[in-house]
Amino acid sequence: MSLDLDNKVVQNNIKLFQKRGILLPTLDQMVDPSKIPQEVREALMKVDIEETNPLNLFRITWKNDGKTGGFRDVPNFVELPSSLTGTKARMVLLAGKYFPTGAHKVGATFCALVDHLTTGRFDPEVQEAMWPSTGNYCRGGAFDSCLLGCKAVALLPEEMSQERFDYLRRLGAEVFGTPGCESNVKEIFDKAKELCGERGENIVNFNQFEQLGNPAWHKFCTGRAVEEVFNSIKHEGDELAGYFSMSGSAGTIGASEHLREVFPHVLVGVGEPEQCPVLTENGFGGHRIEGVGDKHVPWVHNVKNMDFAAQIDDDLTVDVFRMCMEPVGREYLRSKGVEFTDEDIELLGISGFGNLLGAIKMAKYYELTENDVVFTIATDSSRMYMSRLEEYTKAKGPFTRDDAVATYARLMDMRTEGCVEMTYAERKRVHNLKYFTFVEQQGKTVEELNAQWYDRNYWQRELGMADALNVRIAEFNKHILAGKTVAEFLKEHSH
């Protein structure tokens, strides 16, 4: 897809990026950093991954090497032993810790924002980028906005961890804490609507639950990352049997769209907190699995591409997190023959453990074997939740060896209650729940809702935006360079 160079905003954005010395990574480069110009890779070696330097846009990839500052050949992942998971199936998690923000959502927000910048639907000189979120998405949006010279407005529930709020303010975002916990998504929507009413065309709502750039990025980048890791670790006779993700914004579930194309028989599982069982029981409630927004079905969720839904107990999730983070818990795990390094286990935050428990349920439900590999995502790391450990200690007392014994026993004995195999009728029931949020409240139409279900090309067409964006970014960069080499451009704009 070519740039609309008659669009005044596109022209202004090219000039703005030229002035600020900003080049954009293509999605191909995010998948394969060896395609990044050598001059950019050399310059990156002088830039810390947490710096608000536009060069760090090129570190939006699953392949950052946390030790060297360069890139790995294979995406970051961890495989957990059966002595911890209690399953015969192999459990593998992609690790989001090494993205610039410490979480993988920085890629999804890049896709949404840059799609708007390169088509002239967002003008950073007069408009603000609003990021309604349950945590990591607005972190990513604020980071991308900062690097791209856009003003960010972050909305997230006030009960989210303090680390999230501190980070957003350090980036200079305007931050609003909305009432409630992770599942209070409507309150985020209401605040977004209020701000849109006050600021009109001067604010653009990048709502993670309806921005198709969110799952489109995961299809293009996360799906390929899973494929690469599987091909690097598979043994003879192994199959990629399953892919599991908590519902959240349903963005990460988008990786399954790519996996279905490459591994047609892969099982796709989606999780939700037992305390807020929307998918499985049309239910609602509050929960403590941070970063998992719910009480609704996200607009961007292709429900037809879902085989299995599972409830995950937030109490067990938190206890497993504490067991793996507290010294007494780690000591007990090692006494049970669980082999792990501290570095590996710290790749999982609370939502990562939620994903793991759901993947375990799926493996048990389908009686998967040693030749079956199940993938899920460690969306962020334990680093995001250190304040939570302190809070849990104050509220529940120190985590003891008896707590570790009880938690490990519950983990090993975890059953498949609260699991639903998604028949056609079950999928249609879940899909129809979108009506009450997005048609009644958010301005979508019944025709659009029906297109998601009945138009066989809808999801391929909409999520294919990433392919078009990939081409558009390359063309956008050519106009930014305006005949200069990358080396000349970087020399003029040393950040």
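Everything discussed here concerns the structure shown above.
Below: a short report on this structure. Remember, it's a predicted structure, so these values are computed and weren't measured experimentally.

### So, the state of the cysteines
Consideration 1: Evaluation of the coordinates by the stated rule reveals 0 disulfides.
Consideration 2: Distance from the sulfur of Cys419, which forms no disulfide, to the nearest cysteine sulfur (Cys276) is 17 Å.
Consideration 3: On the basis of relative accessibility, which here comes to 16%, the residue Cys419 falls in the buried class.

### A word on the sheet that holds strand β8 (residues 267–273)
Consideration 1: Judged by pairing direction, the sheet is mixed, and its 7 strands sit side by side in the order β1-β2-β10-β7-β8-β9-β11 without closing on themselves. Across the chains shown, the open sheet's two edge strands, defined by having one partner strand only, are β1 (77–80) and β11 (419–421). Each neighbouring strand pair of the sheet contributes to a mean axis angle of 25°, computed without reference to strand direction.
Consideration 2: Pairing between β8 and strand β9 (residues 308–312): 5 bridges, direction parallel. If you follow Glu272 over to β9, its bridge partner there is Gln311.
Consideration 3: Contacting β7 (239–246) and β8, helix α10 (residues 255–262) crosses the sheet at an angle of about 165° to β7.

### Describing the packing of aromatic side chains
Consideration 1: Counted by the stated rule, this structure contains 19 aromatic pairs.
Consideration 2: Here Tyr424 and Trp453 contribute two aromatic rings whose centre-to-centre distance is 5.5 Å and whose plane-to-plane angle is 70°, an arrangement assigned as edge-to-face. Separated by 29 residues along the polypeptide, Tyr424 in helix α18 (residues 424–432) and Trp453 in helix α20 (residues 446–454) bring together distant segments of the chain.
Consideration 3: By relative accessible area, Tyr424 is classed as exposed at 53%.
Consideration 4: Of the residues examined, Trp453 reaches a relative accessible area of 3% and is grouped as buried.
Consideration 5: Taken together, the ring pairs in this structure connect Phe122, Trp131, Tyr137 and Phe206 into an aromatic cluster.
Consideration 6: Directly above the aromatic system of Phe220 lies the positively charged group of Arg224, at a separation of 4.2 Å from the ring centroid.
Consideration 7: One Lys or Arg, Lys434, reaches over the ring of Trp299 and ends 5.9 Å from the middle of that ring.

### A closer look at the side chain of Asn64
Consideration 1: Residue position: Asn64 is located in the loop between α3 (38–44) and β1.
Consideration 2: At a separation of 3.4 Å, a polar atom in the side chain of Asn64 contacts the main-chain carbonyl oxygen of Thr61.
Consideration 3: Among the polar contacts made by the side chain of Asn64, one reaches the main-chain carbonyl oxygen of Tyr98 at a distance of 2.9 Å.
Consideration 4: Excluding its chain neighbours within four sequence positions, the residues that come into contact with Asn64 are Ile49, Arg59, Gly70, Phe71, Arg72, Asn76, Tyr98, Phe99 and Pro100.

### Remarks on the packing of helix α5 (residues 105–117) against helix α22 (residues 465–481)
Helix packing for two helices is described by the angle between their axes and how far apart those axes are.
Consideration 1: Two elements in contact, α5 and α22, have axes separated by 10 Å at closest approach and are oriented at 55°. When the axes of α5 and α22 are compared, the pair comes out oblique. Considering the relative orientation of α5 and α22, their crossing is left-handed. Residues Phe110, Cys111, Val114, Asp115 and Leu117 of α5 touch α22, and the partners they reach there are Met465, Leu469, Arg472, Ile473 and Phe476.
Consideration 2: Its residues placed into classes, the contact of α5 with α22 shows 8 nonpolar, no polar and 2 charged.

### Re the pairing of strand β3 (residues 128–132)
Consideration 1: For β3, the buried fraction is high: 5 of the 5 residues fall into the buried class.
Consideration 2: Side-chain alternation along β3 places Glu128, Met130 and Pro132 on one buried face and Ala129 and Trp131 on a second face that is also buried.
Consideration 3: As defined by bridge partners, β3 adjoins strand β4 (residues 151–157) across 5 bridges and the pair is classed as parallel. Pairing of Pro132 across the sheet is with Leu155, part of β4.
Consideration 4: Read as a crossover between parallel neighbours, the route from β3 over helix α6 (residues 136–147) to β4 is right-handed.
Consideration 5: With 3 bridges connecting them, β3 and strand β6 (residues 203–205) associate as parallel partners. Across the sheet, residue Ala129 finds its bridge partner in β6, namely Val204.

### Re the nonpolar core
Consideration 1: Membership of the largest hydrophobic core comes to 107 residues, with the highest contact counts inside it found for Leu24, Leu148 and Phe375.
Consideration 2: The element best represented in this core is helix α9 (residues 213–233), accounting for 9 residues.
Consideration 3: Those residues within four positions of Phe375 in sequence are excluded, and the remaining contacts are Val92, Val226, Val229, Phe230, Ile233, Leu240, Gly242, Tyr243 and Phe244.
Consideration 4: Counting 52 residues, the second largest nonpolar core, distinct from the first, contains Ala95, Leu356, Met384 and Met414.

Analysis parameters
Residues numbered from 1 in each chain as written. Predicted model: local features only at pLDDT ≥ 70, side-chain atom pairs only at ≥ 80, totals over all residues. Heavy atoms only, no water. Disulfide = S-S within 2.5 Å. Buried < 20%, exposed > 50% of the residue type's maximum accessible area, 1.4 Å probe, protein only. Pairing = 2+ DSSP bridges. Helix = DSSP H or I, 4+ residues; strand = E, 2+ residues; numbered from the N terminus. Axes fitted to C-alpha atoms, helices over the stretch in contact; angles between N-to-C directions. Contact = heavy atoms within 4.5 Å. Phe/Tyr/Trp six-rings, centres within 6.5 Å; stacked < 30°, edge-to-face > 60°. Lys NZ or Arg CZ within 6 Å of the ring centre and 35° of its normal. Polar contact = N/O pair within 3.5 Å; in protein donor to acceptor, adjacent residues only side chain to side chain. Parallel < 35°, antiparallel > 145°, perpendicular 65-115°, else oblique. Left-handed = near helix turned anticlockwise from the far one by under 90°. Nonpolar A, V, L, I, M, F, W, Y, C, P; charged D, E, K, R; others polar. Right-handed = clockwise from strand over helix to strand, strands pointing away. Core = buried A, V, L, I, M, F, W, Y, C linked by side-chain atoms within 4.5 Å.

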